[in-house]
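Coordinate analysis (summary)
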Amino acid sequence: MACAFINKPMPFASSPSEKNIRKAATFPVAAASPLCGAAQAVREPSHPASIRRGIARKFLPVRIFPCNERRSCTTSFQSDRAMTDNSKDFSSSDRKGHRVPKDRDGADKRTRKPLREVVCEIDRDILRLLLRRSNLVDKMRGANSRLDATEEKFVREAWETAVARVSRDARLSGHFFSLMQQVEFLPRPDAHDGESSAATTPKEAPRTAFNLAPAQKPVSLRLQGPISCRTGRAWLMLAAATGQKLRLGPCLMNDPLVDCVKMLNQAGASLTREGDEVIARPAAPLAAPDKVLHAGESPLNFFLLLGHYLGRPSRAKFTGGTDLQLTDLSSLRHFLPSLGARFVPVVPKSEGLPARVECSGMLPDIVSLPPDLPVELAEGLLLSAPGYDKSVTVDLSAHPQAELALGRILPILHAAGADIAVEAKAVRVTPCPLLLPEQPDVEMEAELALFLLALPLLLGGEVQLKGRWSTLPADVAGWDLLTRCGLDLRRQSTGISAHGKPKMADMLADLSRLEVPATFPAAWSPLLLTLAASRALRDGQTFLPDLPQGTDSTTAESFLHAVGLEMDESHILRKMSQNAARPAWNAPDPLWAMALALAACISPHQKLGNPGVMTGLYPAFWALYNALPQPVRHNSPGVEEPARPTRRRIVTSAVATVPPEERKEDAPGTSAPLPD
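Since the model is a prediction, treat every value here as computed from it, not as a measurement. (Residues numbered from 1 in each chain as written. Predicted model: local features only at pLDDT ≥ 70, side-chain atom pairs only at ≥ 80, totals over all residues. Heavy atoms only, no water.)

Focus: the overall build of the protein
Under the convention used in this document: Here a helix means four or more residues in a row that DSSP labels H or I, a strand means two or more in a row labelled E, and each is numbered from the N terminus. For every residue, the accessible area (1.4 Å probe, protein chains only) is compared with the maximum for its type, and the residue is labelled buried under 20%, exposed over 50%, or partly exposed between those bounds. Whether two residues are in contact is decided by their heavy atoms: any pair within 4.5 Å suffices. Methods summary: accessible areas were calculated by the Shrake-Rupley approach with a probe of 1.4 Å, and residue burial reflects only the protein chains presented.
Looking only at helices and strands, one finds 21 helices and 23 strands in the protein. The buried share of the protein, taken over its 676 residues, is 41%. Within the protein, counting contacts between residues at least 6 apart in sequence, those at least 24 apart form 68% of the total. For the protein, the exposed surface amounts to about 39000 Å²; the carbon and sulfur share of it is 52%.

A short note on the confidence of the model for the protein
Heads up, the condition is: For every residue, the predictor states its confidence as a pLDDT score lying anywhere from 0 to 100.
The predicted model of the protein averages 81 in pLDDT, with 73% of residues at 70 or higher. Of the regions scoring below 50 in pLDDT, residues 191–205 engages in nine contacts with residues more than four places distant in sequence or in other chains. Between residues 670–676, whose pLDDT stays under 50, and residues either more than four places distant or in other chains, the model counts two contacts.

Concerning the pattern of salt bridges
Condition: Take a side-chain nitrogen of Lys or Arg and a carboxyl oxygen of Asp or Glu: if they are within 4 Å of each other, that pair is a salt bridge.
This model, assessed by the stated rule, comprises 22 salt bridges. Arg156 is paired through a salt bridge with Glu160; the nearest N and O atoms lie 3.5 Å apart. Remark: Glu160 and Arg156 occur in helix α6 (residues 149–164); sequence separation between them is four residues, near one turn of the helix. Judged by relative accessible area, which is 15%, Glu160 ranks as buried. Note that Glu277 is salt-bridged to Arg247, the shortest N-O span being 2.6 Å. With Glu277 in strand β8 (residues 277–280) and Arg247 in strand β6 (residues 246–248), this residue pair connects regions lying 30 residues apart in the sequence. For Arg247, a relative accessible area of 33% corresponds to the partly exposed category. Each of Arg230, Glu376, Glu379 and Arg408 takes part in salt bridges that share partners, so that together they form one network.

As for α6
Operational definition: Each helix should span, by expectation, one fewer than its residue count multiplied by 1.5 Å. Counted as a polar contact is a pair of N or O atoms within 3.5 Å, where, for protein atoms, one must be capable of donating a hydrogen and the other of accepting one, and residues adjacent in sequence contribute only when both atoms are in side chains.
The terminal C-alpha atoms of α6, which comprises 16 residues, lie 22 Å apart, in line with the 22 Å expected from a rise of 1.5 Å per residue. In this structure, the buried side of α6 is in contact with α7 (170–182). The opening residue of α6, the one whose side-chain oxygen lies 3.2 Å from the backbone nitrogen of Thr150, is Asp148.

Comments concerning the sheet that holds strand β20 (residues 541–543)
Heads up, the condition is: Should DSSP find at least two bridges between two strands, the strands are regarded as paired. Each axis is a line fitted through C-alpha atoms, taken for helices only over the stretch in contact, and angles between the N-to-C directions span 0 to 180 degrees.
Spatial ordering of the open sheet is given by β20-β22-β21, a layout of three strands whose pairing is antiparallel. Only two strands of the sheet have a single neighbouring strand rather than two, namely β20 and β21 (565–567). Looking at each pair of strands side by side, their axes are set apart by 25° on average, direction ignored.

Remarks on helix α18 (residues 525–539)
An α-helical turn contains 3.6 residues, so a residue and the one three or four places further along point in the same direction. With 15 residues, α18 ought to run about 21 Å at 1.5 Å a step, and its terminal C-alpha atoms sit 21 Å apart, in line with that. Within α18, 13 of the 15 residues are buried, which leaves it mostly tucked inside the rest of the structure. Looking at the residues trailing α18, positive phi occurs at Gly540, about 100°.

Focus: the pairing of strand β5 (residues 219–224)
Taking every second residue as pointing to the same face, the buried face of β5 carries Val219, Leu221 and Leu223, while none of Ser220, Arg222 and Gln224 on the other face is buried. Where β5 and strand β17 (residues 461–466) come together, six bridges link them in parallel fashion. By the bridge assignment, Val219 is partnered in β17 with Gly461.

Some thoughts on the packing of helix α13 (residues 376–384) against helix α14 (residues 402–416)
Formally: Here roughly perpendicular refers to angles of 65 to 115 degrees, roughly parallel to angles under 35, roughly antiparallel to angles over 145, and oblique to all remaining angles. In a left-handed crossing the near helix is turned counterclockwise from the far helix by less than a right angle, and in a right-handed crossing that turn is clockwise. Side-chain classes follow a simple rule in which Ala, Val, Leu, Ile, Met, Phe, Trp, Tyr, Cys and Pro form the nonpolar group, Asp, Glu, Lys and Arg form the charged group, and the remainder, Gly included, forms the polar group.
Two elements in contact, α13 and α14, have axes separated by 10 Å at closest approach and are oriented at 15°. In terms of axis orientation, α13 runs roughly parallel to α14. For the pair α13 and α14, the crossing hand works out as right-handed. Facing Glu379, Leu382 and Leu383 of α13, the residues of α14 in contact are Ala405, Leu406, Arg408, Ile409, Ile412 and Leu413. For the contact of α13 with α14, a count of residues per class yields seven nonpolar, no polar and two charged.

Side note on the sheet that holds strand β19 (residues 495–499)
One open sheet accounts for four strands, arranged β5-β17-β19-β18; its pairing is mixed. If you trace the sheet from one side to the other, it starts and ends with β5 and β18 (488–491), each paired once. Sheet twist, expressed as the mean angle between neighbouring strand axes with direction ignored, is 10°. Across the sheet, helix α15 (residues 446–453) lies against β5, β17, β18 and β19, angled at about 160° from β17, the strand it touches most. Packed onto the sheet, helix α17 (residues 473–484) meets β18 and β19 and runs at close to 135° relative to β18.

Quick look at the structure:
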């Protein structure tokens, strides 16, 4: 087969090395050789290595055009820059110049990684870049708690410019940047040693996790039920607005409550924390100062103080955590002008906090809440309306959560002595002085109590919680769900009690015929899911009822995989066939963390990667959980500390006299010196 060799234009040889290369490149080409010209020179072992490299660099790749065939062959010499992402998977023979095998259709037979593995590698690279970015931002921040405003603005504008070239999604330009700024990474375990080296430190240091392994014994839990965090914050808002004294406890002392206390103190209130109680001391009624107020992560904190500012000529700047920064408050921005106020986000192209609020204090006679607004705005207006200058009517007839808001706020206003008139779903509040009880009667926190009451379903025993159970539709639905699952719930004069059956095999009834109450909230889906998962872990399989509408299916699937279960198309939960070690699971909120803790009662040694998430609901939960089956609480009414012996101080009229100092020569048994 005759071949014609087409080469690049020969450069001018100005050095002896180039002359040698040119000389080596001009040699007769074998007619039957599949490769021609410089390709054969590069493979010739007799030439020096430098000459072969020079030929490959200056003359390759080359194209060989057969005279008698249409097909053209190309040498497999390519630079590393032209390789694809899967080039590392090629065999060494492919890199050295051997012909790549092809099938009859001419398709490439080289083995490539599956696309899912390539995507996973890219995800790991993204995490490494995010970790490096977090370390650099920490260096830029220095000793300050926040990044400098000028530097943050520069970085954000550069990010938005780069995003605009590849995407039009506002979540990528806004939400993703906020997450990158706020995300936290675990420190490396050897960060405190100071003697780690590259030879001894692995590439990916292992991360620690919380091992959930409660004692497999019947529980005996008796404690004071913590009060509702939402209702407690409403009472604290009334105490700060009126300046009256109030004592609230026992409180959960979680992040929303602590952030609310700090926010009200920033506005001018006088609130203090003592143990598990919050005390409001007599002070001047809360004004509307022009300050920067931090609401934390809870939207309720922001709307409670916003309702106070809307009824007064005022202005302020509100800031918040990551959740409030990512919350879409565009509906609030469009609605507040009808109330004589203005909501202006500080960050451009952002609809969340931080934002400036300017209020004229001239509210309309009737405030009709649109259905797209958060219901917390109506709660903030109703609680602050007794302190306004004129009467106002809050109409919730168009809002889907009207009954929920009225069920939360109206009992508080009645207990405080507010002048209100309720007509259907509209409440008219007339300004009047309030008289707050020194220690209001607050119902229990149902989110926490439901998980504590479910312990006898899995371990047996008894749980007694002192306090009042709420009559809200969601709390009643949670009560009905536990009773339908087989729990014996009883109301007592001082609280409620839950009793489990003596045999563990008789507990947790079959869930295939379980009907979930219609008012059961989607936020409490972890309770329903962990009960079904516990039965599947015990019996091998079970039926999963339909979860409430609005449940995050991705999180639910991740939870099932974390406990070792899988679900088919018929909603049947089964144990996974493989028993390989599973990584630690990160719970998105406290309820999912407690769901994993309940599943560990049936299948111990579950791994939780972020136990600190419980500070959002109940910081003392892990101390109680680790002390099962019979935890002892210091604030429990059944446990009393032993009385200390009393010390009496006797007062007399006698005057104490100090004896003269005894000299050595006056001591008994010693003789006086003789005179000279």
